[in-house]
Amino acid sequence: GASDACAQKLERVKEPDATRLLTTTAIGGLYFAPAAHVWYAQITRLIPKNGLKEILTKALLGQIFFGPLVTIVFFAAACAQGEGLSTLPAKIKADLLQVQIAGAGFWPFVDLISYAFIPIAYIPLFVNCASFVWTIFLSLKSRVGKK
């Protein structure tokens, strides 16, 4: 929610969109936080070592599987608030690859720090902090063309 509030400030909206803010808060609390907890616990269980090869493998798997799912859920929420879920396929086609490319410049560094230096119990907390920054980007990107 706080990241969307920041995104709305950056967009210079005249009146904050409370529905958008609540939706983003719900996605973060009800979807992303639990999903990140499960993802990082499972990926660490499947690939327990933290050598460079293993860290890069975990980061790559996150970019292939976890990242796109989170982004699509975010896009779906934005579409549902706007022109309807029927616009989701066009949104995915127009923006998913671009968001994933941007994510490839952000999340592997987050993963490198998390897997190399942070105990597994604290990785979701660290990732949620990184997610604050990323969600500002997603909030802005998911609303491109909407005013």
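Here we summarise the structure given alongside this text. It should be emphasised that the depicted structure is a prediction, and the values quoted were computed from it without experimental measurement.

## Examining the overall build of the chain
Looking only at helices and strands, one finds six helices and zero strands in the chain. For the chain, the succession of helices and strands along the chain, N to C, is α-α-α-α-α-α. Its C-alpha radius of gyration of 16 Å places the chain within 12% of the 15 Å reference for a compact globule of 147 residues. Intrachain contacts of the chain at a sequence separation of at least 6 include 67% that bridge at least 24 residues. Summing over all exposed atoms, the chain offers an accessible surface of approximately 8500 Å²; the carbon and sulfur share of this is 72%. Of the charged side chains in the chain, 14 are positive and 8 negative, and the gap between their average positions amounts to 4 Å.

## Quick word on the pattern of salt bridges
Here the idea is simple: oppositely charged side chains can pair when their charged atoms come close. Applying the stated criterion to the full structure yields three salt bridges. For the salt bridge of Arg-20 with Asp-4, the shortest nitrogen-to-oxygen distance reads 2.7 Å. In this pair, Arg-20 is assigned in helix α2 (residues 18–46) and Asp-4 in helix α1 (residues 2–11), connecting sequence segments 16 residues apart. The exposure class of Asp-4 is buried, given its relative accessible area of 0%. Between Lys-91 and Asp-95 there is a salt bridge; the shortest N-O distance is 2.5 Å. In this pair, Lys-91 and Asp-95 are both assigned in helix α4 (residues 88–104), four residues apart and thus about one turn of the helix distant. The burial state of Lys-91 is the same as that of Asp-95; both residues are buried. Residues participating in the shared-partner salt-bridge network are Asp-4, Glu-11 and Arg-20.

Definitions and cut-offs
- Residues numbered from 1 in each chain as written.
- Predicted model: local features only at pLDDT ≥ 70, side-chain atom pairs only at ≥ 80, totals over all residues.
- Heavy atoms only, no water.
- Helix = DSSP H or I, 4+ residues; strand = E, 2+ residues; numbered from the N terminus.
- Rg over C-alpha atoms; globule rule 2.2 N^0.38 Å.
- Contact = heavy atoms within 4.5 Å.
- Areas by Shrake-Rupley, 256 points an atom, 1.4 Å probe, with all protein chains shown as cover.
- Lys, Arg positive; Asp, Glu negative; His and termini not counted.
- Charge placed at Lys NZ, Arg CZ, Asp CG, Glu CD.
- Salt bridge = Lys/Arg side-chain N within 4 Å of Asp/Glu carboxyl O.
- Buried < 20%, exposed > 50% of the residue type's maximum accessible area, 1.4 Å probe, protein only.

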